[in-house]
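# Understanding the architecture of this molecule
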Amino acid sequence: MFSNLIKFFNKISIKIILLYSLTLLISLLISFFMVYSFFELYLENRTKEELIEKAKAYKILFKQEGIIGLKNQITKEAEIIKSVELFFKIYDKKGDVILNTNTGIRTRDLVINLENYGKLKPDTYILATIEYFDVVIYKLSTKYILVIGKSKLDNNKLLNHLMEIFYVSGIIVFFLSLTGGIIITNSITKKIKNISNTAKD
């Protein structure tokens, strides 16, 4: 009788262990999706806020020192930053580029169609996504438009790293739950066998 009970318990316990592990894995996947979505939105909003704040700071500088002072300051900062993921451009009212930091190969051939933003009023801006850059297009005056762009690659690197952490964690937790379930099952099975042996004696 006890041997049949042990066999029955083993079958049920295996199903319970698998069901529990799969449920835990699904819960982890849902949690990961929520956390990933939150961080993606947070990083995107933070990038846009940084671009807007930087553009407004340059607007103040433009009012104080004019276009020459602004170009000199941006050029200095671009040389210090030396980042391939950030670029600055200034256009005149004809649409000609009068400053292009060209901080990386990926920005050299980047085309920004200013006709789409021709109705901007001075001291106003538009946020846009051009290729894989988040961009703020800020109209400094009737004569000049400032464009600052930051690549999405930095944020993508962080998100990919986060994905790798969750992926490894999910595998570890899944196998730990299986191992824990097997240990508990073996422990209960041993107790049943001991009861069976005691009854036989």
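Only a predicted model underlies this, so the values are computations on that prediction, with no experimental measurement involved. Every chain begins its residue count from 1, and numbering advances along the sequence as written. Per-residue local features of the predicted model are confined to residues with pLDDT of at least 70, and side-chain atom pairs are confined, for both listing and counting, to 80 or more; whole-chain, interface and lining totals are unaffected and use all residues. Where side-chain values are given, they derive from all heavy atoms of the structure, hydrogens and water being excluded.

### Here's the deal with the packing of aromatic side chains
What counts, and what does not: When the centres of two rings from Phe, Tyr and Trp lie within 6.5 Å, Trp using its six-membered ring, the rings pair. Their planes under 30 degrees apart give stacked, over 60 give edge-to-face, and anything left gives tilted. Only DSSP runs of H or I with at least four residues qualify as helices, and only runs of E with at least two residues qualify as strands; both kinds are numbered from the N terminus onward. In this scheme, a residue with accessible area under 20% of its type's maximum is buried, one over 50% is exposed, and one in between is partly exposed, where area comes from a 1.4 Å probe on protein chains only.
Scanning the model with the defined rule gives 7 aromatic pairs in all. For the pair Phe-87 and Phe-133, a centre-to-centre distance of 5.2 Å together with 80° between the ring planes defines the contact as edge-to-face. Of this pair, Phe-87 sits in strand E1 (residues 86-92) while Phe-133 sits in strand E4 (residues 133-139), and the two are 46 residues apart along the sequence. An angle of 15° between the planes, with centres 5.9 Å apart, marks the rings of Tyr-125 and Tyr-138 as stacked. Here Tyr-138 lies in strand E4 and Tyr-125 lies in strand E3 (residues 124-130), a separation of 13 residues in the sequence. On the basis of relative accessibility, which here comes to 3%, the residue Tyr-138 falls in the buried class. Three or more aromatic residues joined by ring pairs form one cluster here, namely Phe-38, Phe-39 and Tyr-42.

### Observations regarding the nonpolar core
For the record, the criterion: Take the buried residues of types Ala, Val, Leu, Ile, Met, Phe, Trp, Tyr and Cys, join any two whose side-chain atoms come within 4.5 Å, and each joined set is a nonpolar core. In what follows, a contact means two residues having at least one pair of non-hydrogen atoms within 4.5 Å.
Core analysis: the largest hydrophobic core is formed by 19 residues, its most contacted members being Tyr-58, Leu-70, Ile-74, Ile-90, Leu-146 and Ile-148. Elements that contribute at least two residues to this core include exactly helix H1 (2-81), E1, E4 and strand E5 (144-151). It is H1 that provides the largest number of residues to this core, a total of 9 residues. If near-sequence neighbours (up to four positions away) are discounted, Leu-70 is found in contact with Tyr-58, Leu-61, Phe-62, Ile-90 and Leu-140. Formed by 10 residues, the second largest nonpolar core is a distinct cluster that contains Tyr-91, Phe-133, Ile-137 and Ile-145.

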